[in-house]
Amino acid sequence: MALNHLSVLRPLLVRHVTSPLTVTSRVRVRPPLCAGSSKHPPTAAAACIRLYATKKAKAKAKGQTVKVNINSALVEDIISLDEVKEDMNAVVTALKDDFTRSLSLRTSPGALDHIVVTTPDGKFPLNHLGQISMKSPQLIMINMSSFPEATAAAACALREDSMNLNPEVDGTIIKVPVPKVTREHRENLVKLAKQLSNKAKDSLRKVRSNAVNQVKKAKEGHSEDTLRLVEKQIQQMTDNIVTDIDKQLAAKTKELLG
């Protein structure tokens, strides 16, 4: 009687025991090979393609620059990163001033804003001493009636400026003819803009070099890893300013060429 029951249960026991092994054996059949082989199903090729994509992603990630963001307060005994940043930003500010002062197309009253007039009472911006307006596209008028004693000094400052202006004094009125802006003049201004940008990058490199030298002098009491991270932070700040300088040059070039 027991044997009869066992014979009835045997198929169920065998199915239950061998089922996991059967599944496992099916998973291990035919390991996936690369695409292009007709002996294997499309799923194998897909698996191979995913493997290659993963390698490319790793290679791309390996080539990316890791961003450094150090809390300046934690390394202030090594160097003041805030001061370094201020010095670097000052380079960009000076470049913008150079662009305004030396690269004007002389087609608006604002083109004379950078001119400084030397008087017995000190130095003053021209637009603080006189009222500047455009009489026509070819003529700028400066009304010096508020400070008539500074008229001669203002005319002198206009002549000595790099814009090659030839002002004419009529009482307290200064007439400034606007030279025609030729293509050659525009291209020369673009060349000057590049020179000024390169000069700014030289100044930036000096700021970076001084900062790195300061970090290298702080070896005592600090790990090499810490000093290396600070140097990377300085280099990253430098790269950001270089990008800003290039943007300023591109915008100015577009403005000059029209």
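An unreviewed UniProt entry annotates the protein as Ribosome-recycling factor, mitochondrial originating from Kryptolebias marmoratus. Here is the UniProt Subcellular location (unreviewed entry) comment for the protein, exactly as written: "Mitochondrion".

Chemist: Looking at this structure, I do not really get the packing of helix H3 (residues 81-102) against helix H7 (residues 224-257). What am I missing?
Modeler: Working note: a packed helix pair is described by the angle between its axes plus the distance between those axes. Closest axis-to-axis distance for the H3/H7 pair is 11 Å, and the angle between their directions is 15 degrees. The angle between H3 and H7 falls in the class roughly parallel. Crossing hand, H3 versus H7: right-handed. Counted together, Leu81, Val84, Lys85, Met88, Asn89, Val91, Val92, Leu95, Lys96 and Phe99 of H3 and Val230, Gln233, Ile234, Met237, Thr238, Ile241, Asp244, Ile245, Gln248, Leu249 and Lys252 of H7 form the full contact between these two elements. When grouped by side-chain class, the residues that make up the contact of H3 with H7 number 13 nonpolar, four polar and four charged.

Chemist: Where do I start with the sheet that holds strand E6 (residues 173-177) in this structure?
Modeler: The four strands lie next to each other as E3-E4-E6-E5, forming an open sheet whose pairing is antiparallel. One side of each edge strand has no neighbouring strand; the edge strands of this open sheet are strand E3 (131-136) and strand E5 (168-170). Strand-to-strand twist of the sheet, defined as the mean angle between neighbouring strand axes without regard to direction, takes the value 25 degrees. Pairing geometry for strand E4 (residues 139-143) and E6, over five bridges, is antiparallel. Its bridge partner lying in E6, isoleucine 140 is registered against valine 176. Here helix H5 (residues 151-160) sits on the sheet in contact with E4, E5 and E6, set at roughly 15 degrees to E6.

Chemist: I keep staring at the layout of surface pockets and nothing clicks. Help me out?
Modeler: Over the atoms, a rolled probe matching the size of one water molecule traces out where space is still vacant. Taken as a whole, the largest pocket holds about 220 Å³ of empty space. Considering the residues around the largest pocket, the lining is formed by 13 residues, among which Leu81, Lys85, Gln233, Met237 and Asn240 are closest to the centre. Mapped by element, the contributors of at least two residues to the lining of the largest pocket are H3 and H7.

Chemist: Sorry, what's going on with a negative patch on the surface here?
Modeler: On the surface, Asp82, Glu83, Glu86 and Asp87 cluster together into a negatively charged patch. Looking at the element boundaries, aspartate 87 is found in helix H3.

Chemist: In this structure, what is going on with the packing of helix H6 (residues 183-216) against H7? I would like to understand it.
Modeler: Packing of H6 against H7 brings their axes to within 10 Å, and their N-to-C directions diverge by 170 degrees. Between H6 and H7, the interaxial angle falls into the category roughly antiparallel. A class-by-class count of the residues in the contact of H6 with H7 yields 17 nonpolar, four polar and 10 charged.

Rules of the game
Residues numbered from 1 in each chain as written. Predicted model: local features only at pLDDT ≥ 70, side-chain atom pairs only at ≥ 80, totals over all residues. Heavy atoms only, no water. UniProt positions renumbered as here; feature names shortened; annotations may be inferred. Axes fitted to C-alpha atoms, helices over the stretch in contact; angles between N-to-C directions. Helix = DSSP H or I, 4+ residues; strand = E, 2+ residues; numbered from the N terminus. Parallel < 35°, antiparallel > 145°, perpendicular 65-115°, else oblique. Left-handed = near helix turned anticlockwise from the far one by under 90°. Contact = heavy atoms within 4.5 Å. Nonpolar A, V, L, I, M, F, W, Y, C, P; charged D, E, K, R; others polar. Pairing = 2+ DSSP bridges. 1 Å grid on protein atoms, 1.4 Å probe; cavity = no way out; pocket = protein on both sides within 12 Å on 5 of 7 lines; lining within 4 Å. Points joined across faces, edges and corners; volume = space filled by probe spheres on them. Patch = residues over 30% accessible without salt bridge, like charges linked within 9 Å, V, L, I, M, F, W, Y side chains within 5 Å. Areas by Shrake-Rupley, 256 points an atom, 1.4 Å probe, with all protein chains shown as cover. Salt bridge = Lys/Arg side-chain N within 4 Å of Asp/Glu carboxyl O. Lys, Arg positive; Asp, Glu negative; His and termini not counted. Charge placed at Lys NZ, Arg CZ, Asp CG, Glu CD.

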